[in-house]
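Fold and geometry: a report
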Amino acid sequence: MNGSVNRTAWARQDVMAALIAAIALLASACGGGGGVADARAGFIAQIQSFTVQSPPAAGVMAADEADAEAEGEADAQAEPEPEVEAEAEAEAEADMPAESALVHVMLDILVHNEGSGTLDGITVDLTIADPDGVEKERRLIWIETAGLTKGSQSQVVHELHDLDYTEGDGFHVEVRHPIPMEERGDYREFDAES
């Protein structure tokens, strides 16, 4: 035996080890085909509260119109007794169904990351239901989650514009899992897998 070292064999092993490490790193980054889906499965979203706001222009116009109408009616009619008028208004309001109006709604949403994956953002399914619990509308909303690691949470405010709202409507959010392949185009986080 001679004391020379086979340097070619060592070089091949180093190249193979580097190649295997690169493949393993790439597989973990992509999640082996389920990366985004698996990371999404660790996220939970829930609504903490919501605030309904009238659009500024509509609220101002309605108040001005109501003031002008009230002044005109007061001039045209003799004033009935206040108790009788209040009772008549209360009965009329009780008989009328709740009116819907286009409003802005501020949703206060808490997002938890209970999984080991991270994403720059998640698409959350928002359901809007009437006072009887019947679904009125469904929307997808994007929430930034960059930096949200396992065990952490973030509170975000999301504004809905020009929503047809009726007093008593409710809101529910969820991070759906799994998302069927044919729907993944609607979920922005899956764009990275394309």
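Structure's up top.
Overview of the structure. (Residues numbered from 1 in each chain as written. Predicted model: local features only at pLDDT ≥ 70, side-chain atom pairs only at ≥ 80, totals over all residues. Heavy atoms only, no water.)

Scanning the entire structure with this criterion turns up eight salt bridges. Between Asp169 and Lys136 there is a salt bridge, with the nearest N and O atoms lying 2.5 Å from each other. Taken together, the residues span a long stretch of sequence, with Asp169 in the loop between β5 (153-166) and β6 (170-174) and Lys136 in strand β4 (residues 135-144) at a distance of 33 residues. On the basis of relative accessible area, Asp169 is assigned to the buried category, the value being 3%. The partly exposed category is assigned to Lys136, whose relative accessible area is 35%. We note a salt bridge from Arg138 to Glu174, for which the minimum N-O separation is 3.9 Å. (Salt bridge = Lys/Arg side-chain N within 4 Å of Asp/Glu carboxyl O. Helix = DSSP H or I, 4+ residues; strand = E, 2+ residues; numbered from the N terminus. Buried < 20%, exposed > 50% of the residue type's maximum accessible area, 1.4 Å probe, protein only.)

Along the polypeptide, Asp108 turns up in strand β2 (residues 100-113). The buried charged residue Asp108 lacks any salt bridge, with Arg139 as its nearest oppositely charged partner at 17 Å. Looking at Asp108, its side chain comes within polar contact range of the side chain of Gln155, at 2.7 Å. Discounting residues that sit within four places of it in the chain, Asp108 has contacts with Gln46, Ile47, Gln48, Ser49, Gln155 and Val156. (Lys, Arg positive; Asp, Glu negative; His and termini not counted. Polar contact = N/O pair within 3.5 Å; in protein donor to acceptor, adjacent residues only side chain to side chain. Contact = heavy atoms within 4.5 Å.)

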